Amino acid sequence: MLRLRDEQWERIREHFPEEHIPEGRPGRKPVPTRAVLGAVLWILNTGAQWHRLPQCYPNYKTVHRRFQQWCEREVRREILKELANTLRDEGDIDERESFIDATFASAKGGGEGIGKTRRGKGVKILAIVDRHGLPLSVSTHAANHHEVTLVQLSFDFYMLEAKPEHLIGDRAYDSDGLDDDLHQDGVNMIAPHRSTRKLKTQDGRHLRRYQRRWLVERFFAWLQWKRRLLVRWEYYPSNFLGFVQLACITMLLRQF
């Protein structure tokens, strides 16, 4: 998705204020926000370096500066909330049965918020998707954190007011402490037992939902089509998260 259709742009344009430069001020003219967003989408899809932007787009320094401003103001997070809640109202998002998982992205350029693992230095992209595979929460964390400790943090990035009734994950999320914490919020955690577990607590009927966990794996496959997300080159975690959120925005906009 290199370019937004006019109707898609109209849905999100209010979140991207135009750059204001006083009249009569010498120097450059303001660059239209839609042109800047189109350039960032090109970077997201191709994975190219900023200075490789084609001449048909604005100057790469302007694009990078505006992109960082959007990340600092959490513009994309507000857009995700609005799109997700609109789709839920229209019946296109069903959060009652949701799936959680994480994927690893190496961080060859270094920077903040990076953890060491056996696979090298990198970050984890943690996501919750609905029963259609659409994103409900996306966040990035240092790769050396265990996924059980990140589940509650992922709800800080949750896009809907209503939390899922059932949250399905793999064996990494088999934890009595996590089950109890989520149960207090009305969320039933479903995950296969670890091989070392002695006391079985999962209901076999609920575990049938685990068969549909391929939905979250398909979501990560969609993300990996965005070449900028395969390796984290951004020094600041907020910039990499901005790219991840922008990829999710393009997924939600396709539903309109």
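Residues numbered from 1 in each chain as written. Predicted model: local features only at pLDDT ≥ 70, side-chain atom pairs only at ≥ 80, totals over all residues. Heavy atoms only, no water.

**Looking at the overall build of the chain**
Thinking step 1. In terms of regular secondary structure, the chain is built from eight helices and six strands.
Thinking step 2. In the chain, the order of α-helices and β-strands from amino to carboxyl end is α-α-α-α-β-β-β-β-α-β-α-β-α-α.
Thinking step 3. Scaling as 2.2 N^0.38, a compact globule of 256 residues should have a C-alpha radius of gyration of about 18 Å, and the chain matches this with 20 Å.
Thinking step 4. Dimensions of the chain, computed from the C-alpha atoms along their principal axes, are close to 75 × 45 × 25 Å.
Thinking step 5. Split into buried and exposed, the 256 residues of the chain put 50% on the buried side. (Helix = DSSP H or I, 4+ residues; strand = E, 2+ residues; numbered from the N terminus. Rg over C-alpha atoms; globule rule 2.2 N^0.38 Å. Buried < 20%, exposed > 50% of the residue type's maximum accessible area, 1.4 Å probe, protein only.)

**Concerning the packing of aromatic side chains**
Thinking step 1. For the coordinates displayed, the defined rule picks out nine aromatic pairs.
Thinking step 2. Aromatic pair Trp9 and Phe16: ring centres 6.1 Å apart, planes at 25°, arrangement stacked.
Thinking step 3. Given a relative accessible area of 4%, Trp9 falls into the buried group.
Thinking step 4. An aromatic cluster is built from Trp9, Phe16 and Trp70, whose rings are joined through pairwise contacts.
Thinking step 5. Seen from the ring of Phe155, Lys163 lies directly overhead, with NZ or CZ sitting 4.8 Å from the centre. (Phe/Tyr/Trp six-rings, centres within 6.5 Å; stacked < 30°, edge-to-face > 60°. Lys NZ or Arg CZ within 6 Å of the ring centre and 35° of its normal.)

**Side note on the pairing of strand β4 (residues 135-142)**
Within a regular strand, the side chains alternate between the two sheet faces.
Thinking step 1. Along β4, eight of the eight residues are buried, which leaves the element largely enclosed by surrounding structure.
Thinking step 2. Direction of pairing for strand β3 (residues 120-129) relative to β4: antiparallel, over a ladder of seven bridges. Counted as the bridge partner of Lys124 is His141 from β4.
Thinking step 3. From the end of β3 to the start of β4, which pair antiparallel, there are five residues, and Gly133 there has a positive phi angle of about 85°. (Pairing = 2+ DSSP bridges.)

**Concerning the pattern of salt bridges**
Thinking step 1. Counted according to the given criterion, the structure contains 15 salt bridges.
Thinking step 2. Of the charged contacts in the structure, one is a salt bridge between Arg34 and Asp6, with a shortest N-O distance of 3.0 Å. One end of the pair, Arg34, is in helix α2 (residues 33-46); the other, Asp6, is in helix α1 (residues 6-12), with 28 residues separating them in the sequence.
Thinking step 3. Its relative accessible area of 31% is what places Arg34 among the partly exposed residues.
Thinking step 4. Arg77 serves as the salt-bridge partner of Glu74, at 4.0 Å between the closest nitrogen and oxygen.
Thinking step 5. Since its relative accessible area comes to 40%, Glu74 is described here as partly exposed.
Thinking step 6. Residue classification places Arg77 among the buried positions, given a relative accessible area of 17%.
Thinking step 7. Salt bridges here are not isolated pairs; linked through shared partners, they connect Asp101, Asp170, Arg213 and Glu217. (Salt bridge = Lys/Arg side-chain N within 4 Å of Asp/Glu carboxyl O.)

**Examining the state of the cysteines**
Thinking step 1. This structure, assessed with the given rule, holds zero disulfides.
Thinking step 2. Considering cysteine sulfurs only, Cys248 is the nearest to Cys71, which forms no disulfide, with 13 Å between them. (Disulfide = S-S within 2.5 Å.)

**A short note on the nonpolar core**
Thinking step 1. Ranked by internal contacts, the top residues of the largest apolar core, which has 73 residues, are Leu167, Tyr173 and Phe219.
Thinking step 2. Ranked by the residues each element gives to this core, the list is headed by helix α8 (residues 237-253), at 10 residues.
Thinking step 3. Shared between two domains, this core takes at least three residues from each, and those domains are domain 1 (6-73) and domain 2 (93-234).
Thinking step 4. Beyond its immediate chain neighbours, meaning those up to four positions away, Leu167 contacts Ser98, Phe99, Ile100, Ile128, Val151, Phe155, Leu182, Val187, Asn188, Met189 and Ile190. (Core = buried A, V, L, I, M, F, W, Y, C linked by side-chain atoms within 4.5 Å. Domains from an automatic or database assignment. Contact = heavy atoms within 4.5 Å.)

**What about the side chain of Arg77?**
Thinking step 1. Within the secondary structure, Arg77 is located in helix α4 (residues 75-89).
Thinking step 2. Ignoring any residue separated from it by four or fewer positions in sequence, one finds Arg77 in contact with Asp156, Phe157 and Gln245.

**Concerning the domain arrangement of the chain**
Many analyses report the size of an interface as the accessible area lost when the parts associate.
Thinking step 1. Per the domain assignment, the segments making up the chain are domain 1 (6-73) and domain 2 (93-234).
Thinking step 2. Between the C-alpha centres of domain 1 and domain 2 there is a distance of 32 Å.
Thinking step 3. In this assembly, eight residues from domain 1 lie in contact with five residues from domain 2.
Thinking step 4. Across the interface of domain 1 and domain 2, roughly 530 Å² is buried in total on both sides, 51% from carbon and sulfur atoms.
Thinking step 5. Taken as a group, Leu44, Asn45 and Gly47 account for 67% of the area that domain 1 buries against domain 2, more than any other trio of residues on that side.
Thinking step 6. On the surface where domain 1 and domain 2 come into contact, there are zero salt bridges.
Thinking step 7. At the boundary of domain 1 and domain 2, one finds five residue pairs in polar contact (both at pLDDT 80 or more). (Buried area = accessible area lost by both parts, 1.4 Å probe. Polar contact = N/O pair within 3.5 Å; in protein donor to acceptor, adjacent residues only side chain to side chain.)

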